[in-house]
Each structure stands twice: as C-alpha cells, then as structure tokens.
Amino acid sequence: MMINLRRDCCWLAPLFTAGCWLSNIIGLLLFWTIREEKREYKSNLSSILFISDIGGIHRTYFIILSSCTAGFYILTTILRHFRSQHWSSRHSGTAKERQIWWLSIASSFSAFVAAMSLVLLSVFDTFRHERIHVSFLILFVVGVSLSVLLQIIPVLYLTKDHDGEQLHPRRVAYVKLYLLVLAVPVVVLFMITYAICHGTVPEGDARCDRVVSTAAVCDWAVAFILAVFFIAYTFDFLKSSAGKLNGHRLDETGSPSAQIAGLHHLDEEDSVAMEEARRQV
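Computed from a prediction, not measured in an experiment: that's the story for all the values here.

Draft legend 1. Structural view of the packing of aromatic side chains. Throughout the structure, instances matching the rule amount to 12 aromatic pairs. With a centroid separation of 5.0 Å and 55 degrees between ring planes, the pair formed by Phe229 and Tyr233 is classed as tilted. Linking Phe229 with Tyr233, this pair stays in helix α8 (residues 206-233), spanning 4 residues, or about one helical turn. Like Tyr233, Phe229 is buried. Directly above the ring of Tyr233 sits Lys176, whose terminal nitrogen or CZ lies 4.3 Å from the centroid.

Written out as structure tokens, the structure reads:
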C-alpha cells in the first residue's frame, strides 16, 4: 500500500517544482509592475528589468522561492533516476543498462549543480556580487540544459528496441527536446543583446535601452519555458492510458483468456450437435 502510494504521488514533485518557480517569477513580475514606484532601482537599468534585478531588491522572496524550487527539482530528478531503472531493467546485465544508468546519474548530477546554482545566484544578487551572480547563472542554464539532454538520450536510445511499450516515455522525451530547441535561440539572443551594452543602459542612450530590454524579454521568456519543462516532468511519472487500452483490446480479441473462452464455446456447440444427432438416430 505504501509503495503504491509513493508511486502515485511521485508526479507531485515536479508539479511543486513548477509551482514554486512560477510563484517566484510571477511574484517578482508583480513586484515590479505594482510596486515599482516604491522601490529604488539603479539608474542604469533598462525599461524592462531582468529577473535578477527585481530579485536583487526583493532578496528574501527571491531566495526563499528559488530554494524551494531547487529542493523540489532535486527531489524530482532523484525520483526520475529510480524511475529510469525500471526502463533499464529490460536490459538487465547488458552494456546498454550500464550506459542508461550512467546517463541517468550524469543527468541527476547536472540537475543538482543547476539547483545549487539557482540558490547561490539568488543569494549573491546582481547588485552586490555581479560577477559571482553571472557565473552561477551560467552554471544554472548549462546544468539544466545538460540534464534535459542526458534525459532525452537514454529514452530515445532505449525505445528503439521497445517501440510499442515505450511510446509514452518517448513522447515525453520529444516534448522536452522541443522545449530545449525552443530555448536555445532565445538564450543565444539573450547573450548577444546582453553583451552589446554589457547589460547596462547609459543615461539617455535609447539604443542600449532597446537592446538591453530585448535581453530582459529573453530572460523572462526562458524562465517561462523552464516552467513548462518542470511541468513536462510530471508526465515522466504518469503512465499512458494507451497501454491499458491495448491490453484491454488484446484481452477481448487475442489474449489467451479470450482464446480459451472461444474454445469452450466451440466445445459446447459440438456437444449440442452430437446430442441432436443421437436423438435423430
């Protein structure tokens, strides 16, 4: 009973991760839009602020929600690692099982680095520790990206041999791949626009204001893509109904139980026919 309960509740971990992250970025967005006039931001900031700029002002809120996100993210990756052992058990004792296991470990480690980087970048805010903050931001982005990539590879690699049974995990892997592909050009655009004016806006420089604001928009876009990725994690722990449906259809048509029932039906028909023949004689 307890084991089934744990299995059924695993999907809550990524849901809490997404909830904490969305609460974090949406809360900061509301702080900026509603309470902007009550806060003093630096004069060299763009018209559209970065998440880190707002988080640097509302440090307590930013640190708490980032830490909650990191904690649930680590829990999610640990649960998913044990989930991946179920997939690799089909290749028990083979080289493929060892490869899948190591890829899962590497993915979990990358996620752990990303989670710790998220906490540390919220602690070392962009106003007081700019270089440290940027370093942990880069580690966070790289860690999440590597974790996603290392999750996708073993699933697609495994499903070559178990195409029907692994249809649901493969679909989830493709969703994550699409999100990763979507995020890459946004991150590249962010890096380019951020580097042009070094993330700051000299007083009266309208060009840099537009460029840095574009970088800020990319920053927010990547944050919301990350939220969708956390939600996609949920489907790693949910079984597709296709397998149950196929099993039900098989039981009705081609399963051993259906075949046995058909044989019994034929035996009954033969018995009735023989009984009628005896009566005629």
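Draft legend 2. Summary view of the pattern of salt bridges. In total, this model carries 4 salt bridges according to the counting rule given. Notably, a salt bridge pairs Asp125 with Arg128, separated by 2.9 Å at the nearest N-O pair. By relative accessible area, Asp125 is classed as buried at 3%. Salt-bridge contacts for Asp236 lead to Lys176; the nearest nitrogen and oxygen are separated by 2.5 Å. Taken as a pair, Asp236 in the loop between α8 and α9 (241-253) and Lys176 in helix α7 (residues 167-196) lie far apart in primary sequence, 60 residues in all.

Draft legend 3. Representation of empty space enclosed by the protein within the structure. This model, assessed by the stated rule, comprises 1 cavity of 30 Å³ or more. Here the largest cavity is characterised by a volume of approximately 50 Å³. What lines the largest cavity is simply Thr77, Arg80, His81, Ser104, Ser107, Ser108, Ser147, Gln151 and Tyr233. Put simply, the parts of the chain that give the lining of the largest cavity at least two residues each are α4 (59-88), α5 (95-123) and α6 (130-158). Split into classes, the residues belonging to the lining of the largest cavity amount to 1 nonpolar, 7 polar and 1 charged.

Draft legend 4. Molecular detail of the state of the cysteines. Per the counting criterion, the structure on display carries 1 disulfide. A disulfide bridge connects Cys197 with Cys208, and the sulfur atoms are separated by 2.1 Å. The chirality of the disulfide connecting Cys197 with Cys208 is left-handed, given an S-S dihedral of about -85 degrees. One end of the pair, Cys197, is in the loop between α7 and α8; the other, Cys208, is in helix α8, and 11 residues separate them in sequence. When sorted by exposure, Cys197 lands in the same class as Cys208, which is buried.

Draft legend 5. Quick peek at the environment of Pro169. In this structure, Pro169 sits in helix α7. Between the C-alpha atom of Pro169 and that of Phe237, which follows or precedes it by 68 residues, the distance is 9.3 Å.

About the thresholds
Residues numbered from 1 in each chain as written. Predicted model: local features only at pLDDT ≥ 70, side-chain atom pairs only at ≥ 80, totals over all residues. Heavy atoms only, no water. Phe/Tyr/Trp six-rings, centres within 6.5 Å; stacked < 30°, edge-to-face > 60°. Helix = DSSP H or I, 4+ residues; strand = E, 2+ residues; numbered from the N terminus. Buried < 20%, exposed > 50% of the residue type's maximum accessible area, 1.4 Å probe, protein only. Lys NZ or Arg CZ within 6 Å of the ring centre and 35° of its normal. Salt bridge = Lys/Arg side-chain N within 4 Å of Asp/Glu carboxyl O. 1 Å grid on protein atoms, 1.4 Å probe; cavity = no way out; pocket = protein on both sides within 12 Å on 5 of 7 lines; lining within 4 Å. Points joined across faces, edges and corners; volume = space filled by probe spheres on them. Nonpolar A, V, L, I, M, F, W, Y, C, P; charged D, E, K, R; others polar. Disulfide = S-S within 2.5 Å.

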